[in-house]
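Chains, contacts and geometry: an overview
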Amino acid sequence: MIRTKKAGLLTKVVVLALLIYMATALLNLQGQIQEAQAQRDTLSQQVAEQTQINAELADDVANPDDPDRIADIARDKLGLVAPGEKVFIITN
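Quick look at the overall build of the protein
Across its full length, the protein carries two helices and zero strands. At 33 Å, the protein has a C-alpha radius of gyration far larger than the 12 Å of a compact globule built from 92 residues. Along the longest, intermediate and shortest principal axes, the C-alpha atoms of the protein span 110 × 40 × 20 Å. For the protein, with 92 residues in total, the buried portion stands at 1%. Counting every atom, the protein has about 9,000 Å² of accessible surface; 62% of that belongs to carbon and sulfur.

Considering the pattern of salt bridges
Tallying each qualifying case throughout the model produces four salt bridges. A salt bridge links Arg69 to Asp60; the shortest N-O distance between them is 2.4 Å. Across the pair Glu85 and Arg75 runs a salt bridge, and its minimum N-O distance is 2.7 Å. In this pair, Glu85 sits in the segment after helix H2 (67-76) while Arg75 sits in helix H2, placing the two residues ten residues apart along the sequence.

Concerning a nonpolar patch on the surface
A cluster of nonpolar side chains, namely Leu10, Val14 and Leu18, defines an oily patch on the protein surface of about 310 Å² accessible area. Mapped onto the secondary structure, Leu10 falls in helix H1 (residues 9-62). For Leu10, a relative accessible area of 67% gives the class exposed.

Let's talk about the environment of Gly8
Mapped onto the elements, Gly8 comes out in the segment before H1. When the C-alpha positions of Gly8 and Leu27 are compared, they lie 29 Å apart, and in sequence the two are 19 residues distant.

Let's talk about the environment of Asn63
Turning to its location among the elements, Asn63 is positioned in the loop between H1 and H2. Look at Asn63 and you get partly exposed, because its relative accessible area is 32%.

Cut-offs applied
- Residues numbered from 1 in each chain as written.
- Predicted model: local features only at pLDDT ≥ 70, side-chain atom pairs only at ≥ 80, totals over all residues.
- Heavy atoms only, no water.
- Helix = DSSP H or I, 4+ residues; strand = E, 2+ residues; numbered from the N terminus.
- Rg over C-alpha atoms; globule rule 2.2 N^0.38 Å.
- Buried < 20%, exposed > 50% of the residue type's maximum accessible area, 1.4 Å probe, protein only.
- Areas by Shrake-Rupley, 256 points an atom, 1.4 Å probe, with all protein chains shown as cover.
- Salt bridge = Lys/Arg side-chain N within 4 Å of Asp/Glu carboxyl O.
- Patch = residues over 30% accessible without salt bridge, like charges linked within 9 Å, V, L, I, M, F, W, Y side chains within 5 Å.

Right, dumping it as structure tokens:
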């Protein structure tokens, strides 16, 4: 017969301690992964918004003499109106 030596109490405690350490490290890493994914999603949204703004600015630069664009800027940013237009101001 072959006799095998049973693991001692110290060995069992060490293995248990290592398992607990590995489990807590794994949970910590999962939390970090979730935070990184959330940050990635936020940054992706910001990149998409900035890309849209850049495309609009590039279009503005490509078409500086467009009369419709000039009229829109005059109305929206300067508060001007074309001759014959009427302005309605709604107050509460």
